[in-house]
Amino acid sequence: MPRLDDDRLFPLESRSRDLARALYSEVRDLPIISPHGHTDPRWYAENKAFADPAQLFVTPDHYVFRMMFSQGVSLDSLGVPRADGTAAETDGRKIWRVFAENYHLLRATPSRMWIDHAFQDVFGIEEDLGPDTADAIYDHIDDCLAREEFRPRALFERFNIEAISTTESALDPLPWHRMMRDSGWTGKVVTAYRPDAVVDPDFEGFAANVAQLGEITGEDTATWAGYLAAHRNRREYFKTFGATSSDHGHPTARTENLSDAETEALFGKVMAGSASADERDAFRGQMLTEMAKMSRDDGLVLQIHPGAFRNHSPTMMAQYGRDKGFDIPSPTEFVRNLRPLLDAAGTDPNLTIIVFMLDETTLSRELAPLAGVYPALKLGPPWWFFDSPEGMMRFRQLTTETAGFYNTVGFNDDTRAFCSIPARHDVARRVDCSYLANLVATGRLAERDAFEVAHDLAYRLAKQAYRL
Amino acid sequence: MPRLDDDRLFPLESRSRDLARALYSEVRDLPIISPHGHTDPRWYAENKAFADPAQLFVTPDHYVFRMMFSQGVSLDSLGVPRADGTAAETDGRKIWRVFAENYHLLRATPSRMWIDHAFQDVFGIEEDLGPDTADAIYDHIDDCLAREEFRPRALFERFNIEAISTTESALDPLPWHRMMRDSGWTGKVVTAYRPDAVVDPDFEGFAANVAQLGEITGEDTATWAGYLAAHRNRREYFKTFGATSSDHGHPTARTENLSDAETEALFGKVMAGSASADERDAFRGQMLTEMAKMSRDDGLVLQIHPGAFRNHSPTMMAQYGRDKGFDIPSPTEFVRNLRPLLDAAGTDPNLTIIVFMLDETTLSRELAPLAGVYPALKLGPPWWFFDSPEGMMRFRQLTTETAGFYNTVGFNDDTRAFCSIPARHDVARRVDCSYLANLVATGRLAERDAFEVAHDLAYRLAKQAYRL
Amino acid sequence: MPRLDDDRLFPLESRSRDLARALYSEVRDLPIISPHGHTDPRWYAENKAFADPAQLFVTPDHYVFRMMFSQGVSLDSLGVPRADGTAAETDGRKIWRVFAENYHLLRATPSRMWIDHAFQDVFGIEEDLGPDTADAIYDHIDDCLAREEFRPRALFERFNIEAISTTESALDPLPWHRMMRDSGWTGKVVTAYRPDAVVDPDFEGFAANVAQLGEITGEDTATWAGYLAAHRNRREYFKTFGATSSDHGHPTARTENLSDAETEALFGKVMAGSASADERDAFRGQMLTEMAKMSRDDGLVLQIHPGAFRNHSPTMMAQYGRDKGFDIPSPTEFVRNLRPLLDAAGTDPNLTIIVFMLDETTLSRELAPLAGVYPALKLGPPWWFFDSPEGMMRFRQLTTETAGFYNTVGFNDDTRAFCSIPARHDVARRVDCSYLANLVATGRLAERDAFEVAHDLAYRLAKQAYRL
């Protein structure tokens, strides 16, 4: 018995189910556009075999290990490294057994769906994972990983990825992208400009980072003019490695549109380390507007990811460091916060600002109305932790009536879990086709229009919005 | 092939679909009660032909042109007037072509559903609007508009409108309502008392407006007692033109219940122009309570519309003026904000206060519990921009279990788009019947009760709540 | 014709309906675990007949009388006691007639479903309640209540209650639990430790209450050390009457994790009556953390119920007193508010903290992510007034993808309406089975796993989380 239902996530009523199937059959094999994610460019550059199954599926995936941790499984037993980089458990097979024993905790979660999908489609596994099958599945995956056709570039091609974006710090010299380019490989892997380290005064080592940006670019980043020039310079450098976007993770959606004199003064205080918490926040907000201005010149798409309370547990942060599943969404306000940016640049139809949200209450109330009128503003797909079927469906139900389809930008996988990429895009395509099928079946959308929209959501909108 | 599905918006499963059809067949032809809207009384008074198709469907409808603007279509090309009243494009046919070319942007939106409905039902059009049909459809509508049976009063009767309310400023002399009355036409068009201009200290020309109110009413509005008397006087005047309600659009849901002495002092500061932002806000809040007190005497229904951030873009406001699609809902708090008003008047079963909301998170959390206990408080239908099928359904799902059906007031169309009125009421009736059918099919409501409730929601509750 | 549909609340599509039926048939007869509620221990202790039908169904049920009040029915006519304890109407039959006349106001509400369920299953009534059947139904119930098999213990056994918890003040000497124990009856009725009166500085008579706690426990509660010791002592006393949990109703979710010195100083101010509003709130927040520390020692489960604005109407509070249907949910923030408590104790897998919510916007945004990572934290079932089918379904849809099933704790009925207990658990079981059936039918959960999860949600999780 195959594990995956061919009709999974489709509506149950037969007419809408048939419609969903028909729509999906037209988009299931479209190439993947992955315009925002966190896969490691080194994989594609070196094209070495992936490490063992635990390193592929468990240890780096905070959705998996946080859920097990929440039920009393220790991170040490799952091989999650401590803050100092050492891991208590390094035996892949032992980690895998703990994972298998607790696999039921993932029931009905997106992680479970990705993993089952990857097991079946990528590795051809038919059994369910559990204590009794753990070793056999481990051995099978381990064997696969040693083979040429499971190397990163082979999977990239097998996954039918037309273009993928990684994300790198503004200070990153981009060696792996250079190595890829020099290798002559034709896979399209682009970088994205992530300047948090040199834009956020609260980032560790901010002053040193800004100084380093000056050195890299040959600009005097001690001055406001030089600092801006350094950003422009660095964005151009990223563009030579294919970058079409910048990305900004801020605690809130605050933006500012200060005068040049005010901004310069604020920059001075920030650099002198004398800015208050509010001034540091204002600086982050002003830099979004500065980036939008640069985008109007150089064409990079501006992505804003606000609203995560990161590393919520000080205890766990001290023991295990960042990104261990303790990023918690907070209420986020967009109407007043985005206004300075939107007033400065929001009516420019040649600019693209993509806003992501973790607080879904803002969708129908704030974001769909804003995206439904400001030409520059587009809504990123729902970004609340999982790429969840329920969340995706709510996203469409809460935004389409006010913002339509064309102020959204298709799907982002936002992942570092390489094998989950086809599964995530497949889920998004299924959910969107189900949504469209339901609209057709209830007389809200013409059938022929639904086919066009399905193609737009699965492929064209992402490609167009991100200029890929 | 007809464009509209006869079963649109009904549940898909056959038993609930059959129930929805049966319920709908009992209410589809009920007269329309439109107790809150913004059609122009001049139409009914003069009964002249409507202008060209672009002036009927495109130029005045901010739901239509904002969506096109959001995708880079200029407002000028759509004939939207600039702030000075002039329009860049005045050729109806050219505007119509731009509209037709971009009609796909409205896919799956309520606007698309209204327009298709009006095309088919009002104008008998069978083709889809698009670049190739734009001229033919334009000509057809234009021809129709020249005919007697497409004049406002003829459509009013054809639409089976039993009663409709317009909305006029407290300072409006109501000439069109007078002209209607004098004409002997029997169509029931009533006014509603909208005193924002003389109640909101931040309204343009507030002081002069209050002075003018004094002149009109013969009261000394420089004193608190005279100001209140002027309101009472003016409300009576509006009542002679059928008014059964007052309407109040405030940025927040704040109310106050100050002592007479405090209120009088606050009024003094407001009139002197020395009130702080918070005091001006407090004055607005106190005036809601004052209006509620007057309502207890004169029987007008008090309507509160809080939570819109109006004219969000200063740039667009400067170029195109108010009401260009830039009204954005904000988070709105009701529990603490309505408390002073509810404590002053909320337990009076003879008073009716109807609250509208743009922030649907308040429905299950705040508004349904409040309406489910305070006798005076009723929930207006969901007011978030469109009269959207998804929004209407969520409204029922989020309020019924806590507030029941009888603390809601049926449907409002809230529109200035005359031809959309039957379409909007039809959508509301279909959604409510679908909701009821689902309750019956899942054993939560007796079938015979559902027929009674369907009638209540489509007709009786609006008529009763608004005393029409 | 039976009133209740055997398939009520199941999905309508036939495959998922069949699945829901199959799942439900496995859990419908499982014993009831009612780990949190407000039934009166005196009932079980004395085992006397219940009073008349109005006293059983109308007068004590604020869901019922608040809805009638919201439509203009006076509380006096429903026999609701005034603040002084006297009731204007004491004739059960007259009250019952008013109730029957207005029974339609409860259409499609959970209250209606409980009452119909109890009428049919507990009392064998076949007719619908209405003005014409009111007297006959009254007489029938009244007759039943006089019979031995309708006494509290008989119903307890007939309802198949395996364990139920009542809730008592920390100052309560627990006479009824003692009487039960002494009687030799084997029904499992345990108490829960509710210390609001001695923990909340704003509670009426707080200082006297703390002094009384000292007397009861023989500790010097004027000192911080003695105050803590008194709590420990009292918790042990409650444990001897079966308590496995403490319960805390706070206006917000605020917690604190102050140093010992800070806490002692704060306690001093609170006891001296010189603490500011913010300090009193901080003290409540600190006491949650203190209770969590005690729980780590003595094993009591910590329950937090934040976010209700209680007794919203001062007018009604003055006339009728507390708990008259005027408790209104407020927006509640958990991410920052729970952080001190979670940092102090949240990673301990041996501690159980159950958080309830009235603000469902926090489910996907804040609570599921928190419960999905902190080992101590579990989500209580949805607590917004009614145990509503729509609310229960939204709870699963909003939490499962992020928190899974195993960070939730099954169902609580939270009621003082004894006859509604089987109906409420039945509704929860039906909704959960419907949710699971839909997951299976859409390929998101294996069928055999669904049977296990259905059992977990209906029985095992509550028993395990509450250690019953």
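For clarity, every value in this text was computed on a predicted model and none was experimentally measured.

**Q** Can you help me understand the pairing of strand 2 (residues 161-165) of chain A in this one?
**A** Remember that side chains alternate between the two faces of the sheet whenever the strand is regular. All names here are of chain A. In terms of residue burial, strand 2 counts as a mostly covered element, since four of its five residues are buried. When strand 1 (residues 32-34) meets strand 2, the two strands line up parallel, connected through three bridges. Looking at the pairing, I33 lines up with A163 of strand 2. Here strand 2 runs beside strand 4 (residues 189-190); their pairing, made up of two bridges, is parallel. Bridge pairing in strand 4 places I164 opposite V189.

**Q** Honestly, the sheet that holds strand 1 (residues 32-34) of chain C in this entry has me stumped. Any pointers?
**A** The strand order 1-2-4 (chain C) describes an open sheet built from three strands, whose pairing is parallel. Where the open sheet ends on each side, the last strands, each with one partner, are strand 1 and strand 4 (189-190) of chain C.

**Q** I keep staring at the sheet that holds strand 4 (residues 189-190) of chain B and nothing clicks. Help me out?
**A** Picture the strands of a sheet paired through backbone hydrogen bonds; they go either parallel or antiparallel. Residue and element names in this part refer to chain B. Within the open sheet, the three strands sit side by side as 1-2-4. Their pairing is parallel. Each having just a single partner strand, strand 1 (32-34) and strand 4 make up the two edges of the open sheet. Packed onto the sheet, helix 19 (residues 421-441) meets strand 1 and strand 2 (161-165) and runs at close to 105 degrees relative to strand 1.

**Q** Got a minute to help me understand the relation of the copies chain A and chain C in this structure?
**A** In this structure, two copies of a chain are linked by a rotation about an axis accompanied by a shift along it. Here chain A sits on chain C after a turn of 120 degrees about the axis and a move of 0.0 Å along it, with an RMSD of 0.0 Å. Viewed as a symmetry operation, the transformation between the two copies matches a three-fold axis. Minimal C-alpha distance to the rotation axis in chain A is attained by E13 of chain A, lying at 3.6 Å. Mapped onto chain C, only 4% of the interface residues of chain A are again interface residues, and the two copies thus contact each other with different surfaces.

**Q** Before we go on, may I ask you to explain the interface of chain B and chain C in this structure?
**A** Interface size is often expressed as the accessible area that is lost when the parts come together. Each partner contributes residues to the interface: chain B has 43 residues there, and chain C has 47 residues. Each partner contributes to the roughly 3,800 Å² buried at the junction of chain B and chain C, and carbon and sulfur atoms together form 56% of this total. When residues of chain B are sorted by the area they lose upon contact with chain C, R365, V373 and E401 of chain B head the list and together hold 19% of the total. Linking chain B to chain C there are five salt bridges.

**Q** Even after reading the chapter, I still don't get unusual backbone geometry, so can you show me in this structure?
**A** The phi angle of most residues is negative, glycine excepted, and most peptide bonds adopt the trans form. Residues and elements named next belong to chain C. In the Ramachandran plot, N47 falls in the positive-phi region, its phi being about 55 degrees despite a non-glycine side chain. Its location among the elements puts N47 in the loop between helix 2 (41-46) and helix 3 (53-57). A positive phi angle is found at D323, which is not glycine, with a value near 60 degrees. Looking at where D323 falls in the secondary structure, it is placed in the loop between helix 15 (314-320) and strand 9 (328-329). Look at D323 and you get partly exposed, because its relative accessible area is 41%.

**Q** What am I meant to see in the side chain of E401 of chain B here?
**A** Along the polypeptide, E401 of chain B turns up in helix 18 (residues 389-403). No salt bridge is formed by the buried E401 of chain B; its nearest oppositely charged neighbour, R444 of chain B, is found at 4.4 Å.

**Q** Whenever I open this one, the relation of the copies chain B and chain C confuses me. Can you help?
**A** Structural alignment of chain B on chain C gives an RMSD of 0.0 Å, achieved by rotating through 120 degrees and translating 0.0 Å along the axis. Comparing interface residues between copies, only 5% of those in chain B also lie at the interface in chain C; the contact surfaces differ.

**Q** I keep staring at the domain arrangement of chain A and nothing clicks. Help me out?
**A** Residue and element names in this part refer to chain A. On domain assignment, one finds that chain A holds domain 1 (14-49 + 152-465) and domain 2 (50-150). One C-alpha centre belongs to domain 1, the other to domain 2; they are set 28 Å apart. With 33 residues of domain 1 in contact, the opposing surface of domain 2 contributes 31 residues. Carbon and sulfur atoms supply 70% of the area that domain 1 and domain 2 bury against each other, a total of about 2,500 Å² over both sides. Our count for the contact surface shared by domain 1 and domain 2 stands at zero salt bridges. For the side of domain 1 that touches domain 2, the secondary-structure elements that each account for two or more residues are helix 8 (152-158), helix 15 (314-320) and helix 19 (421-441). Partitioning the side of domain 1 that touches domain 2 into residue classes produces 20 nonpolar, five polar and eight charged.

**Q** Could you clarify how one ought to interpret the side chain of E390 of chain A in this entry?
**A** Checked against the element boundaries, E390 of chain A lands in helix 18 (residues 389-403). Judged by relative accessible area, which is 13%, E390 of chain A ranks as buried. At 3.1 Å, the side chain of E390 of chain A forms a polar contact with the side chain of R444 of chain C. In this structure E390 of chain A touches Q397, E401 and R444 of chain C, once residues within four positions along its chain are discounted.

**Q** Mind showing me how you'd approach the environment of G218 of chain B here?
**A** All names here are of chain B. Positionally, G218 belongs in the loop between helix 11 (206-217) and helix 12 (224-240). By relative accessible area, which is 63% here, G218 ends up exposed. Separated by 113 residues in sequence, G218 and L105 have C-alpha atoms that sit 52 Å apart.

**Q** Explain the interface of chain A and chain C to me, please; I cannot follow it from the model alone.
**A** Taken residue by residue, the interface counts 47 residues in chain A and 43 residues in chain C. Together, the buried faces of chain A and chain C total about 3,700 Å²; carbon and sulfur atoms form 56% of this surface. At the surface where chain A touches chain C, the tally comes to five salt bridges. Where E452 of chain C meets R107 of chain A, a salt bridge forms, and the shortest distance between an N and an O atom there is 3.4 Å. Inspection of the region where chain A meets chain C yields 22 residue pairs in polar contact (both at pLDDT 80 or more).

**Q** Would you take a moment to explain the packing of aromatic side chains for this structure?
**A** One pair of aromatic rings is described through two measures. These are the centre distance and the angle between the planes. Counted by the stated rule, this structure contains 94 aromatic pairs over all chains. Seen from their ring centres, F156 of chain A and W185 of chain A are 4.9 Å apart, and the 70 degrees between their planes marks the pair as edge-to-face. Placement of the pair is F156 of chain A in helix 8 and W185 of chain A in the loop between helix 9 (175-183) and strand 4, with a sequence separation of 29 residues. Each member of the pair, F156 of chain A as well as W185 of chain A, carries the same accessibility label: buried. The rings of F57, W96, F99, Y103, F119, F123, Y138 and F150 of chain A are connected pair by pair, giving a single aromatic cluster. Sitting over the face of the ring of W114 of chain A, R424 of chain A holds its NZ or CZ atom 3.5 Å from the ring centroid. The side chain of R430 of chain B reaches across the aromatic face of F10 of chain B, ending 5.2 Å from its centre.

**Q** Is there a simple way to explain the nonpolar core in this structure?
**A** Looking at soluble globular proteins, one finds that nonpolar side chains tend to be buried together. Ranked by internal contacts, the top residues of the largest apolar core, which has 153 residues, are L436 of chain A together with F57, W96, F99 and F123 of chain B. Take this core: its biggest share by element is nine residues, from helix 20 (residues 447-465) of chain A. With residues near it in sequence (within four places) discarded, F123 of chain B still touches L56, F57, A118, H140, I141, C144, L145, F150 and C419 of chain B.

**Q** Is there a simple way to explain the packing of helix 12 (residues 224-240) of chain A against helix 14 (residues 277-298) of chain A in this structure?
**A** Between two packed helices, both the angle of their axes relative to each other and the distance between the axes serve to describe the pair. Residue and element names in this part refer to chain A. Here helix 12 crosses helix 14 at 55 degrees, and the two axes come no closer than 11 Å. With respect to helix 14, the element helix 12 is oriented oblique. Crossing geometry of helix 12 relative to helix 14 is assigned as right-handed. Of helix 14, the residues touching helix 12 (which contributes W224, Y227, L228, H231, R232, R235, E236 and K239) are F283, M287, E290, M291, M294, S295 and D298.

**Q** Even after reading the chapter, I still don't get the packing of helix 11 (residues 206-217) of chain A against helix 12 of chain A, so can you show me in this structure?
**A** All names here are of chain A. Where helix 11 contacts helix 12, the axes come no closer than 9 Å and their chain directions differ by 60 degrees. Between helix 11 and helix 12, the crossing angle belongs to the class labelled oblique. Seen along the crossing, helix 11 lies across helix 12 with a hand that is left-handed. When helix 11 is examined against helix 12, the residues V210, L213, I216 and T217 are found in contact with a partner set consisting of Y227, A230, H231, N233 and R234. Residues of the contact of helix 11 with helix 12, tallied by class, amount to five nonpolar, three polar and one charged.

**Q** Please clarify how the pattern of salt bridges should be interpreted in this entry.
**A** Any two side chains of opposite charge can pair, given that their charged atoms come close. Residues and elements named next belong to chain A. Applying the stated criterion to the full structure yields 120 salt bridges over all chains. With a closest N to O distance of 3.0 Å, R8 and D426 form a salt bridge. Residue R8 is located in the segment before helix 1 (14-27), and its partner D426 is located in helix 19; the two are separated by 418 residues in the primary sequence. R8 gets classed as buried once you look at its relative accessible area, which sits at 6%. Classification of D426 by relative accessible area gives buried; the value is 10%. Among the ionic pairs, K463 bridges to E162, the shortest N-O distance being 2.5 Å.

Definitions and limits used
Residues numbered from 1 in each chain as written. Chains lettered and ligands numbered in written order. Predicted model: local features only at pLDDT ≥ 70, side-chain atom pairs only at ≥ 80, totals over all residues. Heavy atoms only, no water. Buried < 20%, exposed > 50% of the residue type's maximum accessible area, 1.4 Å probe, protein only. Helix = DSSP H or I, 4+ residues; strand = E, 2+ residues; numbered from the N terminus. Pairing = 2+ DSSP bridges. Contact = heavy atoms within 4.5 Å. Axes fitted to C-alpha atoms, helices over the stretch in contact; angles between N-to-C directions. Least-squares fit on C-alpha atoms with pLDDT ≥ 70 in both. Buried area = accessible area lost by both parts, 1.4 Å probe. Salt bridge = Lys/Arg side-chain N within 4 Å of Asp/Glu carboxyl O. Lys, Arg positive; Asp, Glu negative; His and termini not counted. Domains from an automatic or database assignment. Nonpolar A, V, L, I, M, F, W, Y, C, P; charged D, E, K, R; others polar. Polar contact = N/O pair within 3.5 Å; in protein donor to acceptor, adjacent residues only side chain to side chain. Phe/Tyr/Trp six-rings, centres within 6.5 Å; stacked < 30°, edge-to-face > 60°. Lys NZ or Arg CZ within 6 Å of the ring centre and 35° of its normal. Core = buried A, V, L, I, M, F, W, Y, C linked by side-chain atoms within 4.5 Å. Parallel < 35°, antiparallel > 145°, perpendicular 65-115°, else oblique. Left-handed = near helix turned anticlockwise from the far one by under 90°.

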